[in-house]
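Examination of the molecular architecture
The lines below spell out each chain.
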Amino acid sequence: MREHLREAWRNATITANEDAYRWAGANLAANVFDMLRSEFFREATLASPYPRLHRLVRALGEAKTVADRQGGYRFRPAGAAAEVRLADIP
C-alpha cells in the first residue's frame, strides 16, 4: 500500500464527526447485543467462543432495554435504579 493512502480516510468531515460516529457505533453494538441475548439467540450466543459476550449476557441477561435519541441505547439491570451502557460492563 502506498504510504500516502494509509491515512486518506481521515479528512475534516470524519475528524469533526468522530464522536458522533463512535456514539453511533456503541449504540449499534448495544442493539446487536440486545438481539443476541434474546430468547431466539441466547443459546447460540452462550455457545459461541467469546468469553466477553458470555459475561455481558450474564450481567445483562434480564435487564430492561432503554433506548432514546438523547441517551442512546442503554440497559437497566433488574433491581437497579441506574442505567448502564454496554461499555460500562467489565
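Provided above is the structure to which this section pertains.
Residues numbered from 1 in each chain as written. Predicted model: local features only at pLDDT ≥ 70, side-chain atom pairs only at ≥ 80, totals over all residues. Heavy atoms only, no water.

Moving on: the overall build of the protein chain. The helix and strand inventory of the protein chain stands at four helices and two strands. Helices and strands appear in the protein chain in the N-to-C order α-α-α-α-β-β. Taken over the C-alpha trace, the protein chain has a radius of gyration of 17 Å; the compact-globule value for 90 residues is 12 Å, which it surpasses by more than 25%. Referenced to the eigenvectors of the C-alpha coordinate spread, the extents of the protein chain come out at roughly 50 × 35 × 25 Å. Burial statistics for the protein chain: of 90 residues in total, 26% are counted as buried. (Helix = DSSP H or I, 4+ residues; strand = E, 2+ residues; numbered from the N terminus. Rg over C-alpha atoms; globule rule 2.2 N^0.38 Å. Buried < 20%, exposed > 50% of the residue type's maximum accessible area, 1.4 Å probe, protein only.)

Before going further, it helps to examine the pairing of strand 1 (residues 64–68). Across five bridges, the pairing between strand 1 and strand 2 (residues 72–76) is antiparallel. Note on strand 2: the bridge partner recorded for Ala67 is Tyr73. Hairpin geometry of strand 1 and strand 2 is characterised by an intervening segment of three residues between the two adjacent antiparallel strands. (Pairing = 2+ DSSP bridges.)

Here we come to the packing of aromatic side chains. Throughout the structure, instances matching the rule amount to two aromatic pairs. Seen in terms of ring centroids, Phe33 and Phe75 are 5.8 Å apart; in terms of plane orientation they differ by 85 degrees. Their pairing is edge-to-face. Residue Phe33 is found in helix 2 (residues 18–36), and its partner Phe75 is found in strand 2; the two are separated by 42 residues along the sequence. Neither residue differs from the other here; Phe33 and Phe75 are each classed as buried. Ring pairing ties together the aromatic residues Phe33, Tyr73 and Phe75, which thus form one cluster. (Phe/Tyr/Trp six-rings, centres within 6.5 Å; stacked < 30°, edge-to-face > 60°.)

Turning to the side chain of Asn27, a few remarks are in order. Tracing the chain through its elements places Asn27 in helix 2. Polar side-chain contacts of Asn27 include one of 2.7 Å to the backbone nitrogen of Tyr73. Excluding residues that lie within four positions of it along the chain, Asn27 makes contacts with Gly72 and Tyr73. (Polar contact = N/O pair within 3.5 Å; in protein donor to acceptor, adjacent residues only side chain to side chain. Contact = heavy atoms within 4.5 Å.)

On to helix 4 (residues 51–60). Taken residue by residue, helix 4 has Leu53, His54, Leu56, Val57 and Leu60 as its buried positions. Take helix 4 and look down its axis: the buried residues cluster within an arc of 160 degrees, on one side only. Residues Pro51 and Arg58 are exposed on helix 4 and point more than 90 degrees away from its buried face. The elements touched by buried residues of helix 4 are helix 2, helix 3 (42–47) and strand 2. (Arc of directions from axis to C-beta.)

All right, on to helix 2 then. Given a rise of 1.5 Å per residue, 19 residues ought to cover 27 Å, and the 27 Å separating the end C-alpha atoms of helix 2 matches this to within 8%. For helix 2, the set of buried residues is Asn27, Ala30, Phe33 and Asp34. Down the axis of helix 2, the smallest arc covering the buried residues is 120 degrees, so these residues share one side. The inward-facing, buried residues of helix 2 abut helix 4, strand 1 and strand 2. (Expected span 1.5 Å × (residues − 1).)

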